[in-house]
Amino acid sequence: MKKYVCPCGYVYDPAVGDPEHGVAPGTAWEDVPADWVCPVCDLGKDVFEPED
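By the naming in an unreviewed UniProt entry, the chain is Rubredoxin, taken from Candidatus Lachnoclostridium stercoravium. If you open the UniProt record of the chain and go to Sequence similarities (unreviewed entry), you find "Belongs to the rubredoxin family."

*Asks:* Any chance you could explain the side chain of D18 here in plain terms?
*Replies:* You can see D18 is positioned in the loop between β2 (11-12) and β3 (49-50). Look at D18: it is buried, it has no salt bridge, and the nearest opposite charge is K45 at 12 Å. At 3.0 Å, the side chain of D18 and the side chain of W36 are in polar contact. Every residue in contact with D18, bar those within four places of it in the chain, is listed here: Y10, Y12, V23, W36 and P39.

Basis of the calculations
One numbering rule holds for all chains: residues counted from 1, following each sequence as written. With pLDDT at 70 or above as the cut-off, local features in this predicted model cover only qualifying residues; side-chain atom pairs require 80 or more to be listed or tallied, and sums for whole chains, interfaces and linings still use all residues. Just so you know, side-chain values use all the structure's heavy atoms and leave hydrogens and water out. UniProt positions are given in the numbering used here, feature names are shortened, and annotations may be inferred rather than shown by experiment. Working definition: helices are DSSP H or I runs of at least four residues, strands are E runs of at least two. Numbering for both runs from the N terminus. Only protein chains enter the accessibility calculation, which uses a 1.4 Å probe; a residue whose area is less than 20% of its type maximum is buried, one above 50% is exposed, and one in between is partly exposed. Note that His is not counted, nor are the chain ends; the positive residues are Lys and Arg, and the negative ones are Asp and Glu. A pair is scored as a salt bridge if a Lys or Arg side-chain nitrogen falls within 4 Å of a carboxyl oxygen belonging to Asp or Glu. Whenever a nitrogen or oxygen atom comes within 3.5 Å of another N or O atom, the pair is scored as a polar contact, on the condition that within protein one atom can donate a hydrogen and the other can accept it, and that pairs from neighbouring residues in sequence are kept only if both atoms are in side chains. Contacts are assigned to residue pairs with any non-hydrogen atoms lying within 4.5 Å of each other.

Listed below in structure tokens is the structure:
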């Protein structure tokens, strides 16, 4: 599964998820809730870009 990067540098890795914020490991980017925000800078999903 593809990783996604926030402008602050945080990388969302689907294999790891974000369990501290309700996103279980194995959760694809498309399945991350729309109201989820970056755990580092609080920006929304709309600013993340696919990792090259």
